[in-house]
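Below are the chains, spelled out letter by letter.
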Amino acid sequence: MEPDPKQERKGKRDGWIFFFAGLIGALIVGWIIFPLLLYSERSQPLNFSHVKHGPESSVGLDCEECHFFYEDGTFSGIPGLKKCIECHEDPESLYTDSPEEVKLFTNFIEPLKEIPWLVYSRQPDCVYFPHIAHVKMAETECRVCHGDFATNHTLPVFKVNRLTKYSIDIWGRNIAGYRKNTWDRMKMNDCAACHKQQGKEHNNACLVCHK
Amino acid sequence: MEFSRRNFIKFFAGGIGGTLVSPLPWKLIDDIAIWTQNWSWVPLPGRGKFSTVNSVCTLCSGGCGIEVRKVGNRVVKIEGRRNYPVNQGALCPLGMAGQQILYNEGIRWKAPMKRVGPRGSQEWEEITWDEALNGLATKIRGLRNEGNPEKLAGIDGNHSRSTVALLIKRLFDAIGSPNYLGMPREEDTHAMAAFLMQGTNGPVAYDLENSDFILSFGCPLLDGWGAPGRMMSAWGQVAGDKPSTRPFLAHIDQRASRTALKADQWLAPFPGTEAALAMGIAHVLIREKRYSKEFVDDCTFGFADWFDAQGHGHKGFANIVLKKYSPQIVENITGIKKSIVIELARRFASSHAPIALTGRGKGLLPGSVYEFMAVHALNALAGRINKSGGVLVAHDLPLAPWPDAEYDTVATDGLKRERLDRAGTPRYPFTRSLIHTFSEAVNSSQSSPVDILLISSANPVFTIPDSKSLIEALDKIPFIVSFSPFKDETSLMADLILPDHTYLEKMEDVPRPTGVQYPLFALSQPAVKPLYRTRHSGDVIISLAQRIGGTIAESFQWNSFEETLKGRVKGLYQLGQGQIAYDGSEPVWKRLDKKSGLTPVYSSFESMWEALRETGCWYVPSHTFGTWSEIFQTPSKKFEFFSSNIELALKTYSKGKSLDDALADVGILARGDEVYMPHYEELKSRADEKEYPLLLVPIELINLASGWIGNPPFLNKTLFDHQLRKDDLFVEVNPKTASTHGLQEGSKAVLKSRTGELTVRVHVFHGAMPGVVFIPLGLGHTAYDRYLKGKGVNPYEIIDPTEDPLSGQSVWWNTRVTMVKI
Amino acid sequence: MKKRDSAKGARYGMVIDLDRCTGCGTCTIACAAENNVSVLYDESDKTRNINWLKIYMLTNGKAFPHTEVVYLPRPCMQCGNPPCVPVCPATATTNDSDDGIVSQIYTRCIGCRYCMAACPYHARDFNWFDPAFPKGMDRYLSPEVSPRMRGVVEKCSFCHHRLMSAKSKAYFEGRRDLREDEYIPACVEACPTQAITFGDLNNPKHRVSELIKNPSAFRLLERLGTEPKVYYLTTKDWMRRMADNYLQGESKKEGNRPEKKNG
């Protein structure tokens, strides 16, 4: 029997439907469902507002008040509880009516427990990153890597990769790894590319950043 | 639309295509690669702020300064402090591994414990401190109510001058028990020799750094003796100098120990004949008139022949030595060629600042009194007593005394009773404590003369040469209380555990670290808060005393251990001299005879205390040389070659019997005037030489902890596989000895003494003296954790100790053994 | 891969005075503590245990009492021409940094152990087991060095993290150059007899560059051409001969320092 050209066309069309069904299904899985499955959300112990504390605010703290270098050159990335207590000393006289401030007292200051902040830019244990070499010596701005944190009213949602246990911000919030700003991604290649761009390719020797 | 095979493939192809242009595969590959790097069971070190705490290592009585490095509130490492006068940056392997002692959960008691099962079943119940202390206080009150305070006994391993040791001693005094025993130490023998010859009781102070000829009779200077940090640092400071400008070290040892290897001259007399060698040198000094005539004539007693008050003639030391210790005789005894003896003596005499010293092991084991006296006699002959670069006559620190303890009638009566170990009685007149006679006393009584035994900072079951009789005694004693922070052999035999902090968790003092030649008070700081529900033994003693009540509570009117310690330190402040800081620029020993830097920088006691807590040391960079008549406290007020104190003691002891019988009792072979003088005593083993042809000599290694602190796992890394392999301990045997016994490298063999046998392996080593089997101390634990328990054997299990004449202390290096290959 | 120019940058090296070294083992322990080296139950299994700095005991074999023993501490030689680097299929070990230190990146290592076979000094150890620390002892781990996982090779890094910390400290003080004593590996700092000297071999002001000119200085297996940066000093002739596997009767060849009789 001769194949019916109409049938054949229909069959071909059907074939494309199946093909696209597969394609679209896979795209949905790959672009939407997979990221949802890969990351779990965790909330920060407190919703800290940089804006409320920062230089522009009524509190008017300089960035260096909390993010400073110790004398041995190590960096106080996130200050300890002691720093908070310097101002938040009396549970009876709160600065705001924010429930977060109450939480700060009841959960941490009273039991003298360090606040278990979730760090967006925490690198793997095998990485050594000296802030002082980048910030002081190479005069890199904080936002080059960290983005505009200082203008945050609320802390971004912390997402952790279920497989690697790293923060989403290492790979970047874009699942494709697309990077628009310098601070969108913090993978090894980004470090290396920047070193190269700055003419410091010798700093791409393995031991410089690995410990 | 039909879902045909073809369409399925198309669907699948679309799926693959879609997947490939989605991030899924690429991201997954990356993530899985990272996942393989992050096994959840690989520990992740915690982060935190870096900081350091200045403290002092109190693992031995060396008093080395340490810098404890911390991350957050965790200790991560311990380092030696360059700005500390004792060790100037140096630390021994054990001190370096201290964090493993703190953090090894498997070896620590975490709370007060009460034994619930039968002894040895290791069934324990956690109790509160109140429960534990009230229970113990009631028991002690019970003993006192019965009028038997002496039924409380104690074994204390704390440094005898430390505040904790004094507190424990005070508790015993206040309760009324004379049975407080210190663990035996080399310092005891030093103190005895110093008392007999000089009449002084001060600490050992060898001015080694200022000497130019060090004649060491087996003193393992680089194997952990004294303050190991000080010794190694001192060696490092001179080792690079030309031989002509650095001190000459002649070391006497039967084995190529680390000290022997670094010595300029290594001599190997037969074991136990060191005293004969010393006397041989004395002979040459006297015969050739190379001794210090000035010192010997003016400041000594018993050198020349003399008549006593009763008109009896006595042979002087000079004549006895000339007659009995000619180089030929000494060669016969020691095996050292007479020409070498003569040469050594001449070198000793012609040196500018020679010093002779003794000591066996790291300082945890007693020596032989006559041997120590014989060596010290050389210092006297060369006029090296209380001279720069010689043996300094040191005094205890001027720490403020506590108010006297209060005694009630029970206490005064109790203290009059005889000590169980008979130390200090006419039988052992000069000895502080004796563990083996204590054990014998317990074992030979029908029912135990001890009802409660307190054990602090000691693991005697493991570290006493004659542990068998002690274990038997412990089995018999109804109630044993251990203060040990560790699950060691002794605490596992206890009924009540009152765990102390480990050294990094507490404040402790080391007054005059062993051997250091200038006054120094070392104070340690807690580097971390206590990890577990443990308590400082000092606080526990105070609290216990207060709970017992009565005059005992009145004797302990302090709130805390820190307060008692602080009270003592006031004495240092009142001296009006001393330094708190050391900048590391000029070693203290270089400034001993200058009278500079004495004025303190602190203006009040509080500021001194604060500074002391910060730096961990108070010291006086000077030595008070004084005048001879003040220095020698002997009956003759001179340095005594003829010890009047021995004569007196033996007179007392021989009352009602003949002197010969008394001497036989005390174990002295010599007769005549020699009995009272330094001389060579052959320390014969009880075993038959034919039946047991080899001599077993335990050795201490600097990288193997052999005291009450168990060897931390890091130290196992440094042992060679010819020292420990799997669970087998190796003994060192000379190739000649090995071949006569049919042994090869690695052979398994049974070592058998009169009292027991051990299975070991053989390391054939040229550096071991023929006929001697060298066995390391420190392994063979039956307690602790998997990293230590069951590894190797404990030589003490087959040591067949004899009593050292006069002192009664155990002689642990003359056990005879056989060795049979299996 | 770009080959390092050894004349440029620093060339950190060590001089170990064997006459001073007593073989006490403090360096080994300081190293293990500093670098989170794991501990086996059976540390006597020398084919499985890990020691970045291992001490060897060598003897002249003479009869008692003429026996001499030398304790020889052996860290990684940080060769100028390291045999381990070209064999690594994963580029986990490189010699491309400005300080001459041979790197070992644990997260990159695939555990093939070619480098161990290539290293003539046995300076590399393999993690046959998961890193073990007795219960509770993971509390003393230092965050400055990342712990290794099972199946990777590790070795001495001259405490590279201390170099980085020293640099950070210098940066804080506004300096780029390090003083001689600012970067010292843990073993050097710990050695109680000061037997180890450390510094930049390229810097004529550093003590090491003076010490290696000493006639009694030598390196291990010099004839292999690995250019080790760890030098040893000893006046003991038998020890120096032992360092390079000479045949009986063979004398030192060119390229090595002439033999000097010691007094």
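Reading the values: the criteria
Within any chain, residue numbers begin from 1 and follow the written order of that chain's sequence. Note on labels: chains are lettered from A, ligands numbered from 1, in written order. Local features in a predicted model are, by the rule used here, given only for residues with pLDDT of at least 70; side-chain atom pairs are given and counted only at 80 or more, and totals for whole chains, interfaces and linings are based on all residues. Side-chain measures were taken over the full set of non-hydrogen atoms in the model, leaving aside hydrogen atoms and water. Counting from the N terminus, the helices are DSSP H or I runs at least four residues long and the strands are E runs at least two residues long. Under the scheme applied here, a residue whose accessible area is under 20% of the maximum for its type counts as buried, over 50% as exposed, and between as partly exposed, the area being computed with a 1.4 Å probe on protein chains only. Whenever two N or O atoms come within 3.5 Å, that pair is a polar contact, provided that in protein one can donate a hydrogen and the other can accept it, and provided that, for residues adjacent in sequence, both atoms are side-chain atoms. The contact criterion used is simple: two residues touch if any of their non-hydrogen atoms lie within 4.5 Å. In this analysis a 1.4 Å probe is tested at points of a 1 Å grid over the protein atoms alone, and where it fits but cannot get out there is a cavity; an open set with protein on both sides within 12 Å along at least five of seven lines is a pocket; lining residues have an atom within 4 Å of a point. Grid points are joined across faces, edges and corners, and a volume is the space filled by probe spheres set on the points. The start and end points of each domain follow an automatic or database-based domain assignment. Patch construction takes residues with relative accessible area above 30% that form no salt bridge. Like charges are linked within 9 Å, and nonpolar side chains (Val, Leu, Ile, Met, Phe, Trp, Tyr) are linked within 5 Å. Each accessible area value is a Shrake-Rupley result obtained with a 1.4 Å probe; residue values ignore everything except the protein chains displayed when judging cover. By convention in these notes, a salt bridge is any Lys or Arg side-chain nitrogen within 4 Å of a carboxyl oxygen on Asp or Glu. In this tally, Lys and Arg are treated as positive and Asp and Glu as negative; His is ignored, and so are the chain termini. In this description, the location of a charge corresponds to atom NZ of lysine, CZ of arginine, CG of aspartate or CD of glutamate. Three classes are used, and their members are as follows: Ala, Val, Leu, Ile, Met, Phe, Trp, Tyr, Cys and Pro are nonpolar, Asp, Glu, Lys and Arg are charged, and the others, Gly among them, are polar. Each of two parts loses accessible area, computed with a 1.4 Å probe, when they are put together; buried area is these two losses added. Two strands pair if DSSP finds at least two bridges between them. Inter-axis angles, ranging from 0 to 180 degrees, are taken between N-to-C directions of lines fitted to C-alpha atoms, where helices are fitted over the stretch in contact.

Here we come to the side chain of arginine 161 of chain B. All names here are of chain B. Mapping arginine 161 onto the fold places it in the loop between β6 (152–156) and α6 (163–175). Residue classification places arginine 161 among the buried residues on the basis of a relative accessible area of 16%. One polar contact links the side chain of arginine 161 to the main-chain carbonyl oxygen of asparagine 201, over a distance of 3.3 Å. Excluding residues within four positions of it along the chain, arginine 161 makes contact with Leu166, Glu187, Asn201, Gly202, Pro203, Asp396, Pro511 and Arg568.

Taking a probe equal in size to a water molecule and rolling it over the atoms shows the remaining empty space. All names here are of chain B. As a volume, the second largest cavity reaches approximately 330 Å³. In terms of lining, the second largest cavity is formed by 23 residues, of which the most central are Gly218, Asp253, Gly361, Pro698 and Ile699. Formed jointly, the lining of the second largest cavity draws a minimum of three residues from each of two domains, domain 3 (206–380 + 629–642) and domain 4 (694–821).

With that settled, consider a negative patch on the surface. Residue and element names in this part refer to chain A. Residues Glu89, Asp90, Glu92 and Glu110 make up a contiguous surface patch of negative charge. Within the element layout of this structure, glutamate 92 appears in the loop between α4 (81–87) and α5 (99–109). Taking the relative accessible area as the measure of exposure, glutamate 92 reaches 70% and is therefore exposed.

Before going further, it helps to examine the layout of surface pockets. Considered as a void within the structure, the second largest pocket measures approximately 1400 Å³ in volume. Along the wall of the second largest pocket there are 47 residues; nearest its centre are Arg246 and Ala263 of chain B together with Glu68, Thr235 and Lys236 of chain C. Of the residues belonging to the lining of the second largest pocket, the class tally is 19 nonpolar, 14 polar and 14 charged. Each of domain 3 (206–380 + 629–642) and domain 4 (694–821) of chain B gives at least three residues to the lining of the second largest pocket.

When the parts come together, some accessible area is lost, and that loss is often what is quoted as the size of the interface. Facing 70 residues of chain B, the contacting portion of chain C comprises 66 residues. In total, chain B and chain C occlude about 5700 Å² of area from one another, counting both sides; carbon and sulfur atoms represent 62% of this. For the chain B face of the interface with chain C, the top three residues by lost area are Lys717, His766 and Tyr787 of chain B, together amounting to 13%. Where chain B packs against chain C, one counts 8 salt bridges.

Let us look at the sheet that holds strand β4 (residues 113–115) of chain B. Residues and elements named next belong to chain B. The mixed open sheet is built from 7 strands, whose spatial order is β5-β4-β17-β16-β15-β6-β7. Only two strands of the sheet have a single neighbouring strand rather than two, namely β5 (124–126) and β7 (180–182). Across 5 bridges, the pairing between β6 and strand β15 (residues 452–456) is parallel. Looking at β15, one finds that alanine 153 is bridged to leucine 453. Against the sheet, α6 engages β6, β7 and β15, with an angle of about 170° to β6.

Moving on, we get to the environment of tryptophan 609 of chain B. Residues and elements named next belong to chain B. By the secondary structure assignment, tryptophan 609 is in helix α23 (residues 605–615). Here the alpha-carbon distance between tryptophan 609 and lysine 570, two residues 39 residues apart in the chain, equals 8.7 Å. Excluding its chain neighbours within four sequence positions, the residues that come into contact with tryptophan 609 are Met507, Leu523, Glu562, Leu565, Lys566 and Val569.

This part covers the domain arrangement of chain A. Residues and elements named next belong to chain A. Looking at chain A, the domain boundaries give domain 1 (43–117) and domain 2 (119–211). Inter-centroid distance (C-alpha atoms) of domain 1 to domain 2 is 24 Å. Contacts between the two partners involve 12 residues from domain 1 and, on the opposite side, 13 residues from domain 2. Buried surface at the junction of domain 1 and domain 2, both sides included, amounts to about 1100 Å², of which 67% is carbon and sulfur. Counting across the domain 1 and domain 2 interface gives 5 residue pairs in polar contact (both at pLDDT 80 or more). Residues belonging to the side of domain 1 that touches domain 2 are distributed by class as follows: 7 nonpolar, 5 polar and no charged.

On to the interface of chain B and chain A. Listed per partner, the contact involves 29 residues of chain B and 31 residues of chain A. A combined buried area of about 2600 Å² lies between chain B and chain A, and 70% of that area is made up of carbon and sulfur atoms. Linking chain B with chain A are 1 salt bridge. Across the salt bridge formed by aspartate 30 of chain B and lysine 187 of chain A, the nearest N and O atoms sit 2.6 Å from each other. At the junction of chain B with chain A, the criterion picks out 6 residue pairs in polar contact (both at pLDDT 80 or more).

Residues and elements named next belong to chain B. With respect to topology, 3 strands assemble into an open sheet ordered β18-β19-β20, the strand pairing being antiparallel. With partners counted over all chains shown, the strands left at the sheet margins are β18 (508–511) and β20 (617–619), one partner each. Strand-to-strand twist in this sheet, taken as the mean axis angle between neighbours without regard to direction, amounts to 10°. As paired elements, strand β19 (residues 520–524) and β20 share 3 bridges and run antiparallel to each other. In the sheet register, phenylalanine 521 faces β20, and the bridge partner there is tryptophan 618. In the packing of helix α22 (residues 561–575) onto the sheet, the strands contacted are β18, β19 and β20, and the crossing angle to β19 comes to about 145°.

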